[in-house]
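Examination of the molecular architecture
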Amino acid sequence: MRGKLFVVSGPSGVGKNTLLNAIIDSCKTVQYSVSATSRPIRPGEVDGKSYYFVSRARFEELIANDALLEYAEYVGNYYGTPLQPIREAIENGVDVVMDVEVVGALKIKKRLPDDAVLVFVTAPSFDVIRKRLVHRGDVAPGLMEERLERARWECSQAVNYDYIVVNDDLTRASEDLRAIMLAEKCKTMERIHLIKEELSCSTPQ
Ligand code: ADP
Ligand code: 5GP
């Protein structure tokens with residue numbers, strides 16, 4: 001079977017990274033898609049693990065070489081998904097979780113409609129999002145309003161997603177995300193090959 005792409009979006013500070021780390025910790029077979037970005041590295045981030053940190057010129061080369069599944073500009077920086085690891089994962093039946101903003105997520109759904117599942121993460125209120133972002137403490141004060149403005153627009157796009165997870169309590173929100181992933185893997189399209197000939201029967205009289 002092909003691997004699935006679980007594409008997670010949501011306002012900056014809502015808890016996407018925290019949630020995805022919880023999923024990866026509890027399910028070792030799921031692969032995290034490491035994105036490329038032209039934004040500067042933050043304290044605590046690791047090149048090649050958090051992101052591939054590249055210059056704008058290098059990012060534009062990746063675009064020109066068709067090396068990205070999708071890319072978008074977000075608050076002045078490029079972000080994009082390297083195509084090759086995604087191709088390999090899908091073909092090898094490995095499920096992938098990815099943290100992608102709204103424009104990129106919709107591009108993925110358009111390009112790979114049968115493989116991609118879009119999950120929008122939100123919080124109980126906008127005030128909670130603001131507080132989490134301030135508490136995380138790694139967004140420059142000058143960029144905070146821009147991120148919050150973008151967050152408002154992103155929430156208006158949640159209607160285009162397959163699922164919504166409210167990250168109020170982290171444990172419960174991770175359970176919701178895990179349940180979505182499990183349900184997607186149990187869909188008829190994923191499992192019909194398990195119905196062998198001897199199990200199917202002719203129409204009852
Ligand atoms: P994102 O990846 O969406 O930008 P993060 O995962 O970095 O967000 O989380 C932003 C901040 O919110 C972090 O300090 C994180 O510890 C905190 N956080 C995440 N989920 C919760 C939650 N359910 N309750 C309280 N704080 C949370
Ligand atoms: P941050 O700078 O906080 O790490 O991420 C900013 C935004 O970029 C987040 O909304 C995140 O979802 C998004 N993002 C991260 N990787 C990618 C990617 O590969 N493609 C796109 N389109 N967005 C991404």
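Now for a look at the structure at hand. For clarity, every value in this text was computed on a predicted model and none was experimentally measured.

**Quick notes on the nonpolar core**
- Among the nonpolar cores identified, the biggest contains 19 residues, and L5, V7, L69, I86, M98 and I108 are the most heavily contacted of them.
- Among the elements of the structure, β1 (5-9), α3 (83-91), β7 (96-99), α4 (102-111) and β8 (116-122) are those that each provide at least two residues to this core.
- Top contributing element to this core by residue count: α3, with four residues.
- Look past the residues within four positions of I108 in its chain and what remains in contact with it is L5, V7, L69, E70, T81, M98, V100, P113 and A116.
- Core analysis: the second largest hydrophobic core is formed by 18 residues, V8, V30, A173 and L177 among them.

**Examining the side chain of S174**
- Tracing the backbone through its elements, the reader meets S174 in helix α7 (residues 170-185).
- If near-sequence neighbours (up to four positions away) are discounted, S174 is found in contact with L19, A22 and I23.

**Section: unusual backbone geometry**
- If you check the backbone angles, D66 has positive phi at about 60° while not being a glycine.
- With respect to the element layout, D66 can be found in the loop between α2 (56-64) and β5 (68-74).

**Structural notes on the packing of helix α5 (residues 126-136) against helix α6 (residues 141-156)**
- Relative to each other, α5 and α6 sit at 145°, their axes nearing to 11 Å. Classified by chirality, the crossing of α6 by α5 is right-handed. Along its contact with α5, which presents F126, R130, L133 and V134, the element α6 presents M144, E145, R147, L148, A151 and R152.

**Quick look at the layout of surface pockets**
- Computed from the structure, the largest pocket encloses a volume of approximately 1000 Å³.
- Considering the residues around the largest pocket, the lining is formed by 40 residues, among which N17, R42, Y51, D99 and R136 are closest to the centre.
- Among the elements that take part in the lining of the largest pocket, helix α1 (residues 16-26) stands out by supplying five residues, more than any other.
- When its residues are assigned to classes, the lining of the largest pocket shows 13 nonpolar, 13 polar and 14 charged.

**Details of the site of ligand 2**
- The immediate surroundings of ligand 2 are formed by 16 residues, with S35, Y51, Y79, D99 and E101 found nearest.
- Within the contact set of ligand 2, an oxygen atom lies 2.4 Å away from a side-chain nitrogen or oxygen of D99.
- A total of 520 Å² of accessible area belongs to ligand 2 in isolation, and the protein chains cover 97% of it.
- Judged by the fraction of its atoms near the pocket grid, ligand 2 is located in the largest pocket.
- The set of elements that each furnish at least two residues to the shell around ligand 2 consists of β5 and β6 (77-82).
- In terms of residue class, the shell around ligand 2 is made up of five nonpolar, four polar and seven charged.

Conventions and cut-offs
- Residues numbered from 1 in each chain as written.
- Chains lettered and ligands numbered in written order.
- Predicted model: local features only at pLDDT ≥ 70, side-chain atom pairs only at ≥ 80, totals over all residues.
- Heavy atoms only, no water.
- Core = buried A, V, L, I, M, F, W, Y, C linked by side-chain atoms within 4.5 Å.
- Buried < 20%, exposed > 50% of the residue type's maximum accessible area, 1.4 Å probe, protein only.
- Helix = DSSP H or I, 4+ residues; strand = E, 2+ residues; numbered from the N terminus.
- Contact = heavy atoms within 4.5 Å.
- Axes fitted to C-alpha atoms, helices over the stretch in contact; angles between N-to-C directions.
- Left-handed = near helix turned anticlockwise from the far one by under 90°.
- 1 Å grid on protein atoms, 1.4 Å probe; cavity = no way out; pocket = protein on both sides within 12 Å on 5 of 7 lines; lining within 4 Å.
- Points joined across faces, edges and corners; volume = space filled by probe spheres on them.
- Nonpolar A, V, L, I, M, F, W, Y, C, P; charged D, E, K, R; others polar.
- Near = heavy atom within 4 Å.
- Polar contact = N/O pair within 3.5 Å; in protein donor to acceptor, adjacent residues only side chain to side chain.
- Areas by Shrake-Rupley, 256 points an atom, 1.4 Å probe, with all protein chains shown as cover.
- Sits in = over half its atoms within 2 Å of the grid points.

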